[in-house]
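Letter by letter, the chains look like this.
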Amino acid sequence: AAALAWMFAEWAYRGKPTVLGAASGAVAGLVAITPASGFVGPISSIMIGIGAGVICYFAVVMKNSFGYDDALDVFAVHGIGGTWGAIATGLFANPAINSAGKGLFFGNPGQVMTQIMAVAATWILAIVGTFIILKVVDAIIGLRLAREDEQTGLDLSQHSESGYSF
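Residues numbered from 1 in each chain as written. Predicted model: local features only at pLDDT ≥ 70, side-chain atom pairs only at ≥ 80, totals over all residues. Heavy atoms only, no water.

(A) Expanded view of the side chain of Ser24. Considering the arrangement of structural elements, one finds Ser24 in helix H2 (residues 19-36). Since its relative accessible area comes to 16%, Ser24 is described here as buried. Excluding its chain neighbours within four sequence positions, the residues that come into contact with Ser24 are Trp6 and Val77. (Helix = DSSP H or I, 4+ residues; strand = E, 2+ residues; numbered from the N terminus. Buried < 20%, exposed > 50% of the residue type's maximum accessible area, 1.4 Å probe, protein only. Contact = heavy atoms within 4.5 Å.)

The following block contains the structure:
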């Protein structure tokens, strides 16, 4: 469902779907269903997949607007897809599937807020933890190479090899 949703969103936005988009959509769907697995039924999982495909596709599109470097779209697919999946668990958790979970559509609107708070705590932990790790690495070995090395290219400056012959 997520692969198809991504493809249709890409088709509507860019005028054509791509195989890479379908693969990215499939990964987004797997990421999104992970927190909900064991709590949702087949129809709910399809809805989560559709949401993941569309939301993650537009997160990839928005990457250029925010100007961050994410060549593999890890944040858009995993970060946003996981966030959607965790919140969607609060919507679709079905006590008939697992008695430990009851989401908004099954009579427990408070579960959505619980999921949002858990997502917020996870984001805070990830941001603070990443910041600390980056500061430690920067202090020990540095995060960036010399500007000249980056302009020359890392293949040549770090490995004395050329990845491409022009």
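Let's pick the thread back up.
(B) Layout of H2. Relative to the 26 Å expected for 18 residues at 1.5 Å per residue, H2 spans 26 Å between its end C-alpha atoms, a close match to the ideal helical length. If you follow the buried residues of H2, they end up packed against helix H1 (2-14), helix H3 (42-66) and helix H4 (74-92). Phi turns positive one or two residues past the end of H2, at Gly38, with a value near 90°. (Expected span 1.5 Å × (residues − 1).)

(C) Quick peek at the nonpolar core. Of all hydrophobic cores here, the largest spans 22 residues; its most connected members are Trp6, Ala28, Ile48, Ala52, Trp84 and Phe92. Taken together, the elements giving at least two residues each to this core come down to H1, H2, H3 and H4. In contact with Trp6, not counting residues within four places along its chain, are Gly21, Ala22, Ser24, Gly25, Ala28, Gly53, Cys56, Tyr57, Val60 and Val77. (Core = buried A, V, L, I, M, F, W, Y, C linked by side-chain atoms within 4.5 Å.)

(D) Region of interest: unusual backbone geometry. With a phi angle near 55°, Asp73 is a residue other than glycine that sits in the positive phi range. Its location among the elements puts Asp73 in the loop between H3 and H4. Asp73 sits in the buried class, given a relative accessible area of 15%. Of note in this structure, Ser160 is not a glycine but carries a positive phi near 55°. Within the secondary structure, Ser160 sits in the segment after helix H7 (154-159). Exposure remark for Ser160: the relative accessible area of 65% places this residue in the exposed category.

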